[in-house]
Amino acid sequence: MRYLPKSASERLEMLQAIGARSSEDLFVSIPAAYQLKRPLKLPGPLSEMEIIDYFRARAAENSRGYASFLGAGVYNHVRSVVTDTILQRGEFLTSYTPYQPEISQGTLQAIFEFQTLMCQLTGQEVANASMWDGSTALTEAVLMAERLTGRNRVVVARSVHPEYRQVLATYGHNVGLQVDEAAFTPSGQIDAAALRASVNQATAAVVVQSPNFFGVLEQLPELAEIAHARDALLVVAVTEGVSLGIVRPPAEADIVAMEGQSFGLAPSYGGPFVGVITTRERFVRQMPGRLAGQTTDHNGRRGFVLTLATREQHIRREKATSNICTNQALCALAAAVHLCLLGKEGLRELAQQNLAKARFAAAELKKIPGMRHAFSGPTFNEFVIELPRSVKMVNAELLKDKIIGPLPLGNFYPDLTKHGLVCVTETTTRAEIEHLAASLRRALAALV
Amino acid sequence: MEGLSDRIKKAGRHPSQSEGLIFEKSAPGKRGIELPPLDVPVVDPRQALGGAHARDAVNSFPEVSEIEVIRHFTRLSTWNYAIDLGMYPLGSCTMKYNPRVNEFVARLDGIATEHPFQPVELSQGCLKILKVLQSCLLEITGMDAITMQPSAGAQGELTGLLLIRAYLESQGDPRKKVLIPDSAHGTNPATAVIAGYEVENIRSNAQGQIDVERLRGMVNGDVAALMVTNPSTVGVFEQRIVEVSEILHSAGALLYMDGANMNALAGVARPGDFGVDVMHLNLHKTFSTPHGGGGPGAGPVMVKKILEPFLPVPVLVEKADGTLAFDFNRPKSIGRVRAFCGNFGVLVRALAYTLAYGPGIRQATEDAVLNANYIRKHLEDHYDLPYKLPSMHEVVFSDARQKKHGVSTIDIAKRLIDYGFHPYTTAFPLIVPGALMIEPTESESKEECDLFIDAMRSIAEEVAADPELVKTAPHSTRVGRLDEVAAARKPILRWKPQASGEAAD
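This is a predicted model, so every value here is computed, not measured.

Engineer: Explanation requested: the overall build of chain A in the structure shown.
Structural biologist: When you go through chain A residue by residue, the secondary structure sums to 13 helices and 15 strands. Taking the principal axes of the C-alpha coordinates as reference, chain A spans close to 80 × 55 × 50 Å. For chain A, the proportion of its 448 residues judged to be buried stands at 62%. Intrachain contacts of chain A at a sequence separation of at least 6 include 72% that bridge at least 24 residues.

Engineer: Can you walk me through the overall build of chain B in this structure?
Structural biologist: A tally of helices and strands in chain B yields 15 helices and 12 strands. For 505 residues, the compact-globule formula gives about 23 Å, and the C-alpha radius of gyration of chain B, at 26 Å, lands near that figure. The dimensions of chain B, computed from C-alpha atoms along their principal axes, are 75 × 70 × 45 Å. Taking all 505 residues of chain B together, 58% fall into the buried category. In chain B, once contacts between residues fewer than 6 apart in sequence are set aside, the share between residues at least 24 apart is 73%.

Engineer: What am I meant to see in the domain arrangement of chain B here?
Structural biologist: Where the parts come together, the accessible area they lose is often given as the size of the interface. Assigned domains of chain B: these are domain 1 (22–77) and domain 2 (104–359). Computed over C-alpha atoms only, the centres of domain 1 of chain B and domain 2 of chain B are separated by 42 Å.

Engineer: Would you mind showing me how to read helix α7 (residues 162–172) of chain A here?
Structural biologist: An α-helical turn contains 3.6 residues, so a residue and the one three or four places further along point in the same direction. With respect to burial, α7 of chain A is a largely interior element, nine of its 11 residues being buried. Buried within α7 of chain A are the following residues: E163, Y164, R165, Q166, V167, L168, T170, Y171 and G172 of chain A. For α7 of chain A, the secondary structure elements touched by its buried residues are α6 (134–149), β3 (153–157), β4 (178–182) and β6 (233–238) of chain A together with α5 (153–170) and α6 (187–194) of chain B.

Engineer: Looking at this structure, how should I read the interface of chain B and chain A?
Structural biologist: Between chain B and chain A, the contact holds 176 residues from the first and 167 residues from the second. Partitioned by chemical class, the residues of the side of chain B that touches chain A number 100 nonpolar, 47 polar and 29 charged.

Engineer: Hey, could you run me through the sheet that holds strand β12 (residues 382–386) of chain A in this one?
Structural biologist: Consider a sheet: its strands pair through backbone hydrogen bonds, and that pairing is either parallel or antiparallel. Residue and element names in this part refer to chain A. Judged by pairing direction, the sheet is antiparallel, and its four strands sit side by side in the order β11-β12-β15-β14 without closing on themselves. The open sheet has two edge strands with one neighbour each: β11 (372–373) and β14 (407–408). Where β12 meets strand β15 (residues 419–423), five bridges bridge the pair, whose relative direction is antiparallel. In the strand pairing of β15, V384 is matched with L421. Sitting on the sheet, helix α11 (residues 329–366) touches β11, β12 and β15, and the angle it makes with β12 is about 10°.

Engineer: I would appreciate a short explanation of the domain arrangement of chain A in the present structure.
Structural biologist: Residue and element names in this part refer to chain A. Assigned domains of chain A: these are domain 1 (67–78 + 343–447) and domain 2 (81–338). Here the C-alpha centroids of domain 1 and domain 2 sit 28 Å apart. Contact with domain 1, which involves 25 residues of that partner, is made by 25 residues of domain 2. Going through the elements one at a time, α11 and β12 are the ones with two or more residues in the side of domain 1 that touches domain 2.

Engineer: What's the story with the pairing of strand β4 (residues 223–229) of chain B in this structure? I'm lost.
Structural biologist: In summary, the side chains of a regular strand alternate between the two faces of the sheet. Residues and elements named next belong to chain B. Taking burial as the measure, the seven residues of β4 include seven buried ones, the bulk of the element. Sheet analysis places strand β2 (residues 177–181) next to β4, joined by three bridges and oriented parallel. Bridged to L179 within β4 is L226. With five bridges joining them, β4 and strand β5 (residues 254–258) adopt parallel strand pairing.

Engineer: I'm lost on unusual backbone geometry in this one. Help?
Structural biologist: One can expect most non-glycine residues to show negative phi and most peptide bonds to be in trans. For the peptide bond that leads from G44 of chain A to P45 of chain A, omega is 5°, which places it in the cis range. Structurally, the position occupied by P45 of chain A is in the loop between α1 (8–17) and α2 (48–60). That bond from A473 of chain B to P474 of chain B is cis: its omega, 5°, falls within 30 degrees of zero. A positive phi angle, close to 65°, is found at F340 of chain B, a residue other than glycine. Of note, F340 of chain B is situated in the loop between β9 (324–327) and α9 (344–357). Backbone geometry at T441 of chain B places phi at a positive 65°, although glycine is not the residue there. In this fold, T441 of chain B is placed in the loop between β12 (435–438) and α13 (446–465).

Engineer: Where do I start with the packing of helix α10 (residues 361–379) of chain B against α13 of chain B in this structure?
Structural biologist: For any two helices packed against each other, the geometry is given by the interaxial angle and the distance between the axes. Residues and elements named next belong to chain B. In the contact formed by α10 and α13, the axes pass within 10 Å of each other and the chain directions differ by 30°. The orientation of α10 with respect to α13, classified from their angle, is roughly parallel. α13 is crossed by α10, and the crossing has right-handed handedness. Contact with α10, carried on its side by N371, Y374, I375, H378 and L379, involves C449, F452, I453 and M456 of α13 and no other residues of that element. Counted by class, the contact of α10 with α13 contains seven nonpolar, two polar and no charged residues.

Engineer: Any chance you could explain the sheet that holds strand β6 (residues 278–280) of chain B here in plain terms?
Structural biologist: Residue and element names in this part refer to chain B. Taken together, the seven strands give an open sheet; going across it, the order is β1-β7-β6-β5-β4-β2-β3, and neighbouring strands pair in mixed fashion. Each of the sheet's edge strands pairs with one partner strand only, and the pair in question is β1 (145–147) and β3 (198–202). Within the sheet, the average angular offset between the axes of one strand and its neighbour, ignoring direction, is 25°. In this sheet, β3 lies alongside β2 in parallel orientation, the contact comprising five bridges.

Engineer: Please explain the environment of T149 of chain A as it appears in this structure.
Structural biologist: All names here are of chain A. Note on placement: T149 falls in helix α6. A count of 19 C-beta atoms within 10 Å places T149 in the partly exposed class. Among residues more than four places away in sequence, those in contact with T149 are A204, A232 and L233.

Engineer: Looking at this structure, how should I read the packing of helix α5 (residues 105–122) of chain A against α11 of chain A?
Structural biologist: Residue and element names in this part refer to chain A. Where α5 contacts α11, the two axes come as close as 9 Å, and the packing angle between them is 65°. Considering how the two elements wind past one another, α5 and α11 form a crossing that is left-handed. For the pair α5 and α11, contact is made by T107, A110, I111, E113, F114 and L117 and by A329, A332, L333, A335, A336 and L339, respectively. Along the lines of polarity and charge, the residues of the contact of α5 with α11 split into 10 nonpolar, one polar and one charged.

Engineer: Just checking my understanding: could you explain the environment of A229 of chain A for this structure?
Structural biologist: The residue A229 of chain A is located in helix α9 (residues 220–229) in this model. Once the C-alpha coordinates of A229 of chain A and S198 of chain A are considered, the two residues, 31 residues apart in sequence, prove to be 12 Å apart.

Engineer: I keep staring at the environment of L93 of chain A and nothing clicks. Help me out?
Structural biologist: As for its position among the elements, L93 of chain A is in helix α4 (residues 90–93). Separated by 240 residues in the primary sequence, L93 of chain A and L333 of chain A have C-alpha atoms spaced 10.0 Å apart. Other than its neighbours up to four places away in sequence, L93 of chain A contacts L87, Q88 and L330 of chain A together with N98, P290 and G292 of chain B.

Cut-offs applied
Residues numbered from 1 in each chain as written. Chains lettered and ligands numbered in written order. Predicted model: local features only at pLDDT ≥ 70, side-chain atom pairs only at ≥ 80, totals over all residues. Helix = DSSP H or I, 4+ residues; strand = E, 2+ residues; numbered from the N terminus. Buried ≥ 20, exposed ≤ 12 C-beta atoms within 10 Å, placed from the backbone. Contact = placed C-beta atoms within 7 Å. Rg over C-alpha atoms; globule rule 2.2 N^0.38 Å. Domains from an automatic or database assignment. Nonpolar A, V, L, I, M, F, W, Y, C, P; charged D, E, K, R; others polar. Pairing = 2+ DSSP bridges. Axes fitted to C-alpha atoms, helices over the stretch in contact; angles between N-to-C directions. Parallel < 35°, antiparallel > 145°, perpendicular 65-115°, else oblique. Left-handed = near helix turned anticlockwise from the far one by under 90°.

Below, the structure is given as structure tokens:
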């Protein structure tokens, strides 16, 4: 087997060295009754060529050749071959968690740079080394708010990504978290007046997403004022990081939970991505996850280490801030490399292109009879359209034109079956947008 | 190099270039990505979003060219140790070879490009990958049903405990406590708390095994489960595991197995056959997906039939017409543990690994156990071996002998760096004071094992002859031992521009 570096005679020699007669002897400590007496029934073994053929065949069964207008937390953005070139360096790809700083300075410095970039983007003071994804980052941010305030109730906007809310519900269920939901208004934003009435002395945090699941920007200063008036925290989720190139950062938030997939990571059917938590410096000791910090060695040279580990499970066990151990380090590296490549100007231009394309698409779709924009609030690269028909029926028609249409919001909001979420990024061409508009016209006509 | 003996065979001098932070190389106007021209009318963000929402620029964001980015990160990479450079004997972490074909297939057009919300009829390839990997993992573990959603081992643990909780709740009482041996990974107790349980630790017996008599006394109607790692963190198979399982079951409690050490069992023994009710696997350990400097991983959870109704939504199902789909209608489900379909790209890599071996995965297990025992045999005269039961995929020594010279496990570990190896796991498991936890994995040749043995023996001699040499190691790295106390006392967790404090925007 090509992955195993021993010849038969070396195996024999090593077995003899340890006093074993055969490989059976290696497992004497497993009672015979529980040993498997037959070969495993597994496909393979396959050569490298066969493995590639197998996955190429699977790839051909997917969506190739279709234009897609899906976003909703997973975005198709430009990715540079440079990012992947760095990622595939064995020294990054095949290294372990940098617990031994003398031989892990590459990973540690890259994490330190990632943390800095995340702070700069979100207008916060400290960032961790990554969380599993945006949904778990948001959940951990809420649990962090619970610890910081000593309160156990949170008010979550219904316009937060539905799957993020589902994850929060799963985690919150057994730790006494009370989750109340706040409605949205015709602007697509959280109902601030209702929120003001709902936040009380038991509220640990107000939780919103911006741009929210409908693509609409929330009025964060007002929401922060509402939360802070009751000594609650404002927790803001960001699923589309590219927006931060032109959208004011959530600087008034107390904790930000961001999904960094937009920064150089492929959609990859939902993962691996990179969550991150950023927050205020005074909250850092309640933060979950690893942190890289700057220090010096005995000669006074700058170096980096994992620090404040007394928050973490391998030191604190049942008193840890979180159970997270393995995180998404390589994805964080990808995000760091990608953002360094983009730089200040590139990120801004990227965000502007997303805005321009989405506005163009919105205008084109609005021309179609019976189609209306569902919400009036300001949007970035996603917006909700309301169709005269169910989105699912319309999408079935669009598939015939090789278009994956708007995300049917009825999947998550039973009251919004005619609403579809459209995402347009810099990778969407004008021709594709015009094709979508034409196809929608045809689909609606066909369904009359 | 000063202080390095001629006996160091694997390591030599390696050029290590100086490199500052990327922010320190920045100059206005440079960039490393250019976009195609915009093919729609330009929109002014201030006008479109409103002045209150618009941002002009991200202050102090780096501005560098493509070649500078390449050089920066390539130079940083040369400061890392990696599996691609040599043996990584980290006990409990299973640092094995990460096959490159796994990386290749995970990046294929049609796999890396797929969106989790695209219609299932356009996702059959992705779903087949999930389905085949599920069947393989169930066959390897001998379990009945599976979820691929958990992002890593710790989330797998949480999922497993939530399944146990939901099951017990359906029986009328979720119960209060989870029992955890003192040899367990730190994630186990941290997870139990998030699942809403109190943790009660069980002391191991003199052989480092679960103390079955003690367990019998502790299991009662308050106990929901026992979380056990098998083989245990001292690298020894829990020989009375079925008895343990029976004690739990007779009291209505369940047995959770942390599958971190599955590299000792694949193809040889199946947890489903020795009484385990629920377990997770770490695909970034046993199934070769790269650690990437700390992640991503994947922590699928396998269960017995009784727990299946509670699995996270959605569940992959095969429809009457043979196509695959997701079933969201699972009224007893614990819910979602993360958005979308888990770390799908990691699952792709794990399947590529499994297909490469097929049933031959047993050979990998045999080689992993052989390497650990070979190293044990050649080091047991030089290092204290606290637990004498036969080792499986890893061996745990202690620094008891070296302590007499004032040298501890961390010093030996740091000295190992000078010999060209990554340190073994130090100071874990907690039941071995001054532990040296060594897991070579099957990826090491006899030659590499011999080099490691030579290095460890040589260090043992140095400890006796020149303990200071060992206590001040490493001597060959770009930076020496770093001041971790200062790092924690006054944390510097980000770069800031020198002149002034940075405004948010």
